Amino acid sequence: MELRQLEYFVAVAEEQNFTRAAERVHISQSGVSAQIRQLERELGAELFDRSARTATLTVAGEAALEHARAALAAAGAVGQAVGEVTELIRGRLTVGMVIGCTVTPLFDALAAFHRAHPGVEISLLEDNSDRLIEAVRAGTIDLALIGTAIATPDGLDALTIISERLVAAVPAVHPVATQRRVTLRDLGAHPIACMPPGTGLRTVFDRACAAQSLQPEIALQASAADAIADIATRGLAVAILSESMAANYRDRLTARIIDDVDTPAVLALVWKSTHSPAVRELLVHSRQAFAEPS
């Protein structure tokens, strides 16, 4: 039994798909399948039910999964312990970031970390905030930059980067731009352009609307603030953005704080554990990068 076989087994169990697991561990699908077949022969039991489109764990697979994860964690801890004694950090660090991320201090922190610890392989993954949070909880991502409606998601530690009110952004000639006070009910008369579900900003907006039993017309959705701003600039919809997002487009859009949305949209770094020296070091560089004036 080899550690790489356990790594492939855990990858297939978590992805529920041999193809996605192969992409994750950077080898061919046939290679993953062959190694898991060999592991099953050694164990004397099938670990996956392959009869459906998804690879689901058998009873034997479920029994083996936590032990496989523990074995991989123990193997990783050996390298980390030696690295800490010798003041070297090596290994792999997986960092998640919300889709459409343009927060340059994160990239500054990663660059500083890489210069200090070139022996660490850094992987970057983009996804929506809900899935990133679940991946951090599951341990498949070490640290993630997310948008959230909750300063600290359950079960995780967090470093708040930005906490801002939501705004409605429109061209200067739009009726909303002439109002001194804008509410969600005011926006109900107009189509809305907003981030998609699963993002922190959208969660804040949807919860505020639900609290007033409002169902605004979400005419257009986009993951990138630039796209939402372009849509609003052309008069197709009212853009729902955070204050700092809207500030980037002040040359063409007028922003009005939505008075009755009190919950802020939060941008935060989240992580589950600092047992990894790499995570601890990246947090040091992240705090420095985000503390520097923009």
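Calculation criteria
- Residues numbered from 1 in each chain as written.
- Predicted model: local features only at pLDDT ≥ 70, side-chain atom pairs only at ≥ 80, totals over all residues.
- Heavy atoms only, no water.
- Helix = DSSP H or I, 4+ residues; strand = E, 2+ residues; numbered from the N terminus.
- Buried < 20%, exposed > 50% of the residue type's maximum accessible area, 1.4 Å probe, protein only.
- Contact = heavy atoms within 4.5 Å.
- pLDDT = per-residue confidence, 0-100.
- Pairing = 2+ DSSP bridges.
- Axes fitted to C-alpha atoms, helices over the stretch in contact; angles between N-to-C directions.
- Phe/Tyr/Trp six-rings, centres within 6.5 Å; stacked < 30°, edge-to-face > 60°.

Draft legend 1. A look at the overall build of the protein. Check the secondary structure of the protein and you find eleven helices and twelve strands. Its C-alpha atoms put the protein at 70 × 50 × 30 Å along the principal axes. Counting the 294 residues in the protein, one finds 42% classified as buried. For the protein, long-range pairs separated by at least 24 residues make up 72% of all intrachain contacts whose partners lie at least 6 apart in sequence.

Draft legend 2. The arrangement of unusual backbone geometry in detail. The backbone phi angle of Gln16 is positive, close to 55°, even though this residue is not glycine. Its location among the elements puts Gln16 in the loop between helix H1 (3-15) and helix H2 (18-25). Of note in the backbone geometry, Ser213 takes a positive phi value of approximately 55° without being a glycine. Residue position: Ser213 is located in the loop between helix H8 (200-211) and strand S9 (218-221).

Draft legend 3. Spatial organisation of the side chain of Thr183. Positionally, Thr183 belongs in the loop between strand S7 (166-170) and helix H7 (184-187). With relative accessibility at 10%, the residue Thr183 sits in the buried group. For Thr183, the residues in contact, after removing those within four places along its chain, are Ile258 and Asp260.

Draft legend 4. A look at the confidence of the model for the protein. The pLDDT averaged across the protein works out to 88; a share of 95% of its residues lies at or above 70. When the elements of the protein are averaged for pLDDT, helix H4 (residues 59-85) gives the smallest value, 80, and strand S8 (residues 192-194) the largest, 96.

Draft legend 5. Representation of the pairing of S7 within the structure. Most of S7 sits out of view: five of its five residues are buried. What you see with S7 is no split at all: Leu166, Ala168 and Val170 on one side and Val167 and Ala169 on the other are buried throughout. Pairing of S7 with strand S10 (residues 238-242), which is carried by four bridges, proceeds in the antiparallel orientation. Of the residues in S10, the one forming a bridge with Ala169 is Ala239. Across four bridges, the pairing between S7 and strand S11 (residues 254-257) is antiparallel. In the strand pairing of S11, Ala169 is matched with Ala255.

Draft legend 6. Layout of the sheet that holds strand S12 (residues 265-271). Pairing is mixed across the open sheet formed by five strands, whose spatial order is S4-S3-S5-S12-S6. Edge positions in the sheet fall to strand S4 (120-127) and strand S6 (157-164), since each of these pairs with one other strand and no more. The mean angle between the axes of side-by-side strands here comes to 20°, regardless of whether they run parallel or antiparallel.

Draft legend 7. Quick peek at the packing of aromatic side chains. Under the definition given, this model contains two aromatic pairs. With centroids separated by 5.8 Å and ring planes inclined at 70°, the aromatic side chains of Phe18 and Phe48 adopt a geometry described as edge-to-face. Taken together, the residues Phe18 in helix H2 and Phe48 in strand S1 (residues 48-49) connect sequence positions 30 residues apart. For the pair Phe18 and Phe48, one class covers both residues: buried. Taken together, Phe9, Phe18 and Phe48 form an aromatic cluster joined through their ring pairs.

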